[in-house]
Amino acid sequence: MSESIFSAGTDVIVGRERGTVIDVRATPAGKWVFGVETAEGEVRYFTEKALRLPEG
């Protein structure tokens, strides 16, 4: 698996929103994507480059 610090349960920031990683999947092209659930309950998938850890 990716050597990422993003795993299920990690709090992240995507753009201006906060969310929690709930799913990690590999694409057919060999990239890792992370399913992030926002406070509104919406789930979207992002690459590792789109995710940031909250400061603090």
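Residues numbered from 1 in each chain as written. Predicted model: local features only at pLDDT ≥ 70, side-chain atom pairs only at ≥ 80, totals over all residues. Heavy atoms only, no water.

A.B. asks: So what's going on with the pairing of strand 1 (residues 11–14)? Residues and values would help.
C.D. replies: Relative to strand 2 (residues 17–26), strand 1 runs antiparallel, the two sharing four bridges. Its bridge partner being in strand 2, Asp11 is matched across the sheet by Thr20. Counted between consecutive antiparallel strands, the loop separating strand 1 from strand 2 contains two residues, among which Gly15 sits at a positive phi close to 65°. In the sheet, strand 1 pairs with strand 5 (residues 51–52) via two bridges, with the strands oriented antiparallel. (Pairing = 2+ DSSP bridges. Helix = DSSP H or I, 4+ residues; strand = E, 2+ residues; numbered from the N terminus.)

A.B. asks: Can you lay out the pattern of salt bridges for me, pointing to particular residues and giving the numbers?
C.D. replies: One pass over the full model with this rule turns up two salt bridges. A salt bridge links Glu17 to Arg44; the nearest nitrogen and oxygen atoms lie 2.4 Å apart. Of this pair, Glu17 sits in strand 2 while Arg44 sits in strand 4 (residues 43–47); the two residues are 27 residues apart in sequence, bridging distant segments of the chain. Given a relative accessible area of 28%, Arg44 falls into the partly exposed group. Between Arg25 and Asp23 there is a salt bridge; the shortest N-O distance is 2.5 Å. With relative accessibility at 48%, the residue Arg25 sits in the partly exposed group. Residue Asp23 is classed as buried on the basis of its relative accessible area of 19%. (Salt bridge = Lys/Arg side-chain N within 4 Å of Asp/Glu carboxyl O. Buried < 20%, exposed > 50% of the residue type's maximum accessible area, 1.4 Å probe, protein only.)

A.B. asks: Which residues make up the sheet that holds strand 2, and what values go with them?
C.D. replies: Taken together, five strands build an open sheet; the order of strands is 4-3-2-1-5 and the sheet is antiparallel. At either end of the open sheet lies a strand with only one pairing partner, and these are strand 4 and strand 5. For strand 3 (residues 32–38) and strand 4, the ladder comprises five bridges, and the chain directions are antiparallel. Looking at the pairing, Glu37 lines up with Val43 of strand 4.

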